[in-house]
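Per-entry structural report
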Amino acid sequence: MPYQAEYIWIDGTEPSPLMRSKTKIIADGKTPPIWGFDGSSTNQATGDNSDCVLSPVFTCPDPLRGPDDILVLCEVLTVDGKPHPTNTRAKLVSTARKYAKYEPFFGLEQEYTFIQNDRPYGWPENGYPAPQGPYYCGVGGDMMPGRDIVETHTAACLIAGLSIEGTNAEVMMAQWEFQIGALPPLEVADQLWVARWLLFRIAEDFGVYATLEPKPILGDWNGAGCHTNFSTNQMRADGGWKYIIQGAEALGRNVTEHIENYGVGIELRLTGHHETAHYTQFSYGVSDRGASVRIPWICNVEKKGYLEDRRPNANMDPYTVTRLMVNTICSDADKKSPIKSAAPKKAAPKKAAAKKTAAKKAPAKKAATRR
Ligand code: ADP
Ligand code: MN
Ligand code: MN
Ligand code: MN
């Protein structure tokens, strides 16, 4: 029996790209080949020279179709086989390779907002719901619109074999979060894009939009971010504290480049209020949710672990944000405390097991693969 492969890619819409996908029926036993699309309809080419190439980079079981169907995340190439200008993944590949000896891991906290009829899902037609307070991790009554969508999305991510770590309701009513990680840069970024696509696609079935807008409602309502948690093998080892501080300080010396690439509309969100630091200022601190970079309390106790860059917007590009963080922090480590060669390979903590369970639960599924 032929199977269905949903080819997914990131388009050229400005200022923030959209996700696109289309279905290919593939003969039994064949793997998903290179494919193409009309780039003039996605802001990636002109009409007279419209062909763009879809090159598969990550595949996983499709949780929404039959047991043999798959999702195929692609990077976009030009017809001469070069990365398309909108292809930010290609740049991450070389940076990840260059600093692989630091074994960087990321955990991404994706916040988002459900929208229906041009307002947050479940909000009254006129005016506002009760002020922020009860919604974060809340339960009960009509306070938690969207939970059924969140539950469906989480189950779908697990069946797909993604390293989803958890979910929670956020501070603004109709705003939610899921986390992906902890994984190396390419893996976490590919998986975040697939998890985003699943969220958009599943929300369709509920008659709702999921938006990554960083500040969907102006005023006294929290924005939506994508806190980016980061560690190297140096930070995770005993005595890693020194490297965590070194990493935070390296970020503090490269504020402009990072802020400019942390998602469109960042100045609307990083106001210095609502658990953010102002986008023009840099600070770091233990447990400080008003700092640009927070070091979790447990890392202060254990004197090792990771740091959390709280600045990236919900609409950030994980290929770009992980590339900048690896580049800034590992190039600085290369100057101060270089690792000479790659350490022996260790499996990513905890998630390997979770992945296996997910794959087992999905009957006759193809395991996730990455090229
Ligand atoms: P909070 O909401 O308190 O900021 P979350 O529980 O939502 O925290 O997210 C914590 C994130 O930290 C997760 O994505 C997890 O993968 C990540 N994380 C934990 N340990 C590490 C590590 N050593 N390196 C990188 N990320 C890590
Ligand atoms: Mn969180
Ligand atoms: Mn959050
Ligand atoms: Mn966080």
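No experiment lies behind these values; they were computed from the predicted model shown. (Residues numbered from 1 in each chain as written. Chains lettered and ligands numbered in written order. Predicted model: local features only at pLDDT ≥ 70, side-chain atom pairs only at ≥ 80, totals over all residues.)

Moving on: the domain arrangement of the chain. One can read the domain layout of the chain as domain 1 (3-87 + 348-370) and domain 2 (94-336). Of note, the centres of domain 1 and domain 2, computed from C-alpha atoms alone, are 23 Å apart. (Domains from an automatic or database assignment.)

Every one of the 16 residues lining ligand 1 counts as a neighbour, but Gly107, Gly181, Asn229, Ser231 and Tyr306 are closest to it. Sorting the residues of the shell around ligand 1 by element identifies strand E6 (105-116), strand E9 (175-183) and strand E11 (226-231) as the ones contributing at least two each. Across the shell around ligand 1, the residue classes break down as five nonpolar, seven polar and four charged. (Near = placed C-beta within 6 Å. Helix = DSSP H or I, 4+ residues; strand = E, 2+ residues; numbered from the N terminus. Nonpolar A, V, L, I, M, F, W, Y, C, P; charged D, E, K, R; others polar.)

For the rest of this paragraph, the subject is the pairing of strand E8 (residues 164-169). Here E8 runs beside E9; their pairing, made up of five bridges, is antiparallel. Directly across from Ile164, in E9, lies its bridge partner Ile180. Counted between consecutive antiparallel strands, the loop separating E8 from E9 contains five residues, among which Ala174 sits at a positive phi close to 85 degrees. (Pairing = 2+ DSSP bridges.)

By the secondary structure assignment, Gly181 is in strand E9. Gly181 sits in the buried class, given 23 other C-beta atoms within 10 Å. In this structure the C-alpha to C-alpha distance between Gly181 and Arg65, which are 116 residues apart in sequence, comes to 25 Å. Contacts of Gly181, omitting those with residues within four sequence positions, involve Phe105, Phe106, Gly107, Leu108, Ser163, Glu165, Val188 and Asn229. (Buried ≥ 20, exposed ≤ 12 C-beta atoms within 10 Å, placed from the backbone. Contact = placed C-beta atoms within 7 Å.)

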